[in-house]
Amino acid sequence: MGKRLESLERQIVYVIDDHPIISFGLVEMVKDVAPHARIRQFSTLKEAARFAIEEFPALIITDFHLRDVQPETFIGLFETLFPEIPVLITANDEKVMGQLRRHQLDRFIAFSKFTPFAKMMELIRVGLSQAKIDLLQIPAVSKALTQKQVEVLELIGAGRSNKEIAQLLKISVKTVKGHVKDILDRLKAKNRMEASIIYRHTQIQKHGSPEPSLHNN
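Just so you know, the residues in each chain are numbered from 1, in the order the chain's sequence is written. The model is predicted, so local features are restricted to residues of pLDDT at least 70 and side-chain atom pairs to those at 80 or more, both for listing and for counting; the totals for chains, interfaces and linings are taken over all residues. Only hydrogens and water are removed before side-chain values are computed, so all heavy atoms of the structure are retained for them.

## What to know about the overall build of the protein chain
In plain terms, the rule: Elements are defined by DSSP. Helices are runs of H or I of four residues or more, strands are runs of E of two residues or more, and each kind is numbered from the N terminus. Contact criterion: two residues are considered in contact whenever any of their non-hydrogen atoms come within 4.5 Å of each other. Residue exposure ignores everything except the shown protein chains as possible cover, and the areas themselves are Shrake-Rupley values with a 1.4 Å probe.
Looking only at helices and strands, one finds 10 helices and 5 strands in the protein chain. Intrachain contacts of the protein chain at a sequence separation of at least 6 include 69% that bridge at least 24 residues. In the form shown here, the protein chain has an accessible surface area of approximately 12200 Å², with 54% of it arising from carbon and sulfur atoms.

## With respect to the environment of Pro57
Tracing the backbone shows Pro57 in the loop between helix 3 (45–52) and strand 3 (59–62). Spatially, the C-alpha atom of Pro57 lies 9.2 Å from that of Arg40, the residues being 17 residues apart in sequence. Those residues within four positions of Pro57 in sequence are excluded, and the remaining contacts are Ile12, Tyr14, Ala52, Phe82 and Ile85.

## Considerations on helix 4 (residues 74–81)
This is how the line gets drawn: Only protein chains enter the accessibility calculation, which uses a 1.4 Å probe. A residue is then buried if its area is under 20% of the maximum for its type, exposed if over 50%, and partly exposed in between. Here, the arc refers to the directions that run from the helix axis to the C-beta atoms.
Of the residues making up helix 4, those classed as buried are Phe74, Ile75 and Phe78. When helix 4 is viewed along its axis, its buried side chains cluster within an angular range of 95° and face the same direction.

## A word on the pattern of salt bridges
Short version of the rule: Each salt bridge in this description consists of a side-chain nitrogen of Lys or Arg and a carboxyl oxygen of Asp or Glu lying within 4 Å of one another.
The final tally for this structure, using the stated rule, is 8 salt bridges. Notably, a salt bridge pairs Glu151 with Lys148, separated by 3.5 Å at the nearest N-O pair. With Glu151 and Lys148 both in helix 7 (residues 147–157), this residue pair falls 3 residues apart, about one helical turn. For Glu151, a relative accessible area of 24% puts it in the partly exposed group. The residue Arg186 makes a salt bridge to Asp182 at a minimum N-O spacing of 3.2 Å.

## Overview of the pairing of strand 3
Condition: In this scheme, strands are said to pair when DSSP sees at least two bridges between them.
Side chains Leu59 and Ile61 of strand 3 all project onto a buried face; the interleaved residues Ile60 and Thr62 project onto the opposite face, where all are buried too. As defined by bridge partners, strand 1 (residues 12–16) adjoins strand 3 across 4 bridges and the pair is classed as parallel. Within strand 3, the position partnered with Val13 by the bridge is Leu59. Inspection of the sheet shows strand 3 paired to strand 4 (residues 87–89) by 3 bridges, in the parallel sense. Paired with Ile61 across the two strands is Leu88, which belongs to strand 4.

## Digging into the packing of helix 8 (residues 162–169) against helix 9 (residues 173–187)
Our working rule: In this description, a line fitted to the C-alpha atoms serves as the axis of each element, helices being fitted only across the stretch in contact, and the angle between N-to-C directions of two axes falls anywhere from 0 to 180 degrees. Any angle that falls under 35 degrees is termed roughly parallel, while one over 145 is termed roughly antiparallel, one within 65 to 115 roughly perpendicular, and all others oblique.
Remark: helix 8 packs on helix 9, axes separated minimally by 8 Å, with the N-to-C direction vectors making an angle of 110°. On the basis of the axis angle, helix 8 is roughly perpendicular to helix 9. In this structure, helix 8 contributes Asn162, Lys163, Ile165 and Ala166 to the contact, and helix 9 contributes Val173, Val176, Lys177 and Val180.

## What about unusual backbone geometry?
Look at Lys132: it is not a glycine, yet its phi comes out positive at around 60°. By the secondary structure assignment, Lys132 is in the loop between helix 6 (117–130) and helix 7. In this model, Lys188 sits at a positive phi of 55°, which is unusual for a non-glycine residue. By secondary structure assignment, the location of Lys188 is in the loop between helix 9 and helix 10 (192–207).

The following block contains the structure:
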């Protein structure tokens, strides 16, 4: 039990970005694949570094263009402040790529904010895996969901209660509960939230769902 708690204490992700919409989007993507991770949001490197003195983040997700960091000193600062920690950088431009090639740092992964959603999720999973953060396992669904179960699951994802789902689908609450139990069994999910996340990811993997980038175009 002590080792488990110690492991969870280390599962801290820092998201450093001064754009609130992008920061929120990155946080939500991390929650999707690592629901047990602890996430802290910062708008400057200075603020993140101050917290890092007392705790040890396992992964950094940061914008390359932070207002308190000069591009030419970016890699050096992160090497000094966060040694050996995987870093995901949301700016796939020539400046950062040139620095990464020059320093040959495998733990730094750069991607564009316009990267397709499915690819971005894959890179975030890679970073979380490098950081040894527990990932939500997306199982192969052995039994397909029925159309009615898909409708129930979509309403679960929208935050609806069993009573509300019953009213919207014109079925009994008992029937809704039966569908929920079957959904959890088929998706091998521990709870409703996990079932919703698993289903969404299986659909992305299956259809390559064209989710929007972090920018509002």
